[in-house]
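Fold and geometry: a report
Chain residues, written in single-letter form:
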Amino acid sequence: MNIEQQYRGSCFCGAVNFSVTTQPVLMAYCHCDSCRHWSAGPVSAFTLWNPETLKVTQGEDQIGSYKKTPGSIRKWCRTCGGHLFTEHPEMGVIDVPAAIIPELNFTPALHVHYQESVQPMADGLPKMRDLPTEAGGSGDLIPE
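Notes on the structure follow. Predicted model only: the values in this text are computed from it and were never measured.

What counts and how
Residue positions are given per chain, counting from 1 as you read along its sequence in written order. Only residues with pLDDT of 70 or above have their local features reported here, since the model is predicted, and side-chain atom pairs are shown and tallied only from 80 upward, although totals for entire chains, interfaces and linings are computed over all residues. Hydrogens and waters are ignored; side-chain quantities use all the structure's heavy atoms. Working definition: helices are DSSP H or I runs of at least four residues, strands are E runs of at least two. Numbering for both runs from the N terminus. Relative accessibility decides the category of a residue: with a 1.4 Å probe and only protein chains considered, values under 20% of the type maximum give buried, values over 50% give exposed, and everything between is partly exposed. Throughout, a residue-residue contact means that at least one pair of heavy atoms, one from each residue, lies within 4.5 Å. Criterion for a disulfide: a pair of cysteine sulfur atoms within 2.5 Å. Any two strands with at least two DSSP-identified bridges between them are counted as paired. A fitted line through C-alpha atoms serves as each axis, taken over the contacting stretch for helices, and the angle formed by two N-to-C directions is quoted from 0 to 180°. Pairs of N or O atoms are called polar contacts if they sit within 3.5 Å, as long as, within protein, a hydrogen donor faces a hydrogen acceptor (for residues adjacent in sequence, only side-chain-to-side-chain pairs). Pairs were defined over the aromatic rings of Phe, Tyr and Trp, the Trp ring being its six-membered one, requiring ring centres within 6.5 Å. Orientation was assigned from the angle between planes: stacked under 30 degrees, edge-to-face over 60, tilted for the rest. As a reminder, the over-ring test applies to NZ of lysine and CZ of arginine, requiring each to be within 6 Å of the ring centre and within 35 degrees of the ring normal.

Considering the overall build of the protein
- The helix and strand tally for the protein stands at 1 helix and 10 strands.
- Starting at the N terminus and ending at the C terminus, the protein contains elements arranged as β-β-β-α-β-β-β-β-β-β-β.
- Judged by the C-alpha coordinates and their principal axes, the protein covers about 45 × 40 × 25 Å.
- Per-residue burial over the protein gives 43% buried out of 144 residues.
- Long-range contacts, defined here as pairs at least 24 residues apart, represent 48% of the contacts in the protein between residues at least 6 apart.

Some words on the state of the cysteines
- Within the structure shown, the criterion is met by 0 disulfides.
- In this structure Cys13 is not part of a disulfide, and its nearest cysteine sulfur, from Cys80, lies 3.7 Å away.
- Overall, the relative accessible area of 42% leaves Cys13 in the partly exposed class.
- For the unlinked cysteine Cys77, the closest cysteine sulfur is that of Cys11, found at 3.7 Å.
- Here Cys77 falls in the buried class, since its relative accessible area comes to 0%.

Here's the deal with the sheet that holds strand β1 (residues 6–10)
- Taken together, the 3 strands give an open sheet; going across it, the order is β1-β2-β5, and neighbouring strands pair in antiparallel fashion. The open sheet is flanked by β1 and β5 (54–58), the only strands paired with a single partner. The mean inter-strand angle of the sheet, taken between neighbouring strand axes irrespective of direction, is 25°.

Looking at the side chain of Thr47
- The topology assignment puts Thr47 in strand β4 (residues 44–49).
- Take Thr47: its relative accessible area is 0%, and that puts it in the buried class.
- A polar side-chain atom of Thr47 sits 2.7 Å from a polar atom in the side chain of Trp49.
- One polar contact links the side chain of Thr47 to the main-chain carbonyl oxygen of Val96, over a distance of 2.6 Å.

Focus on the packing of aromatic side chains
- Under the counting rule described, the total for this entry stands at 4 aromatic pairs.
- With a centroid separation of 6.4 Å and an interplanar angle of 65°, the aromatic rings of Trp38 and Trp76 are classed as edge-to-face. Of this pair, Trp38 sits in helix α1 (residues 33–39) while Trp76 sits in strand β7 (residues 72–77); the two residues are 38 residues apart in sequence, bridging distant segments of the chain.
- Relative accessible area serves as the criterion here: at 24%, Trp76 is assigned to the partly exposed category.
- Geometry around Tyr114 places Lys127 over its ring, the cationic atom sitting 5.6 Å from the centre.

Let's talk about the sheet that holds strand β6 (residues 63–69)
- Taken together, the 7 strands give an open sheet; going across it, the order is β6-β7-β8-β9-β4-β3-β10, and neighbouring strands pair in mixed fashion. One side of each edge strand has no neighbouring strand; the edge strands of this open sheet are β6 and β10 (110–112). Along the sheet, successive strands turn relative to each other by an average axial angle of 30°, direction set aside.
- In this sheet, strand β9 (residues 93–97) lies alongside strand β8 (residues 83–88) in antiparallel orientation, the contact comprising 3 bridges. Following the sheet pairing, Glu87 is matched in β9 by Ile94.

Here you go:
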């Protein structure tokens, strides 16, 4: 019998709760302007999941959304404003900020959109100019 790993998370106030199962498709850092503004930080630590592995377990009626671009639909809690997920329909994944999944051991594999970085990170991980080719990017690496 295969028992899937399940992780639980919530918004800042706890009005919205969710779970994700299995393991993320990718864990990484994003340095793009949109993610920096959305996260209100110099870099965004993200986890990508197959959308079918995410289940809202409480507060679905409290989820607001904003679609700035066709590639990203950002979701948050209407009660506290806490960030929840970003749907990426063109890539077939959903992004959950690493910080709101407390039990997940965040192990980043790379940096994306590093050419937009305002917070250089000398950590030995690959630094992508934009995105990997599989995600529609150039696949170009740039120096740390």
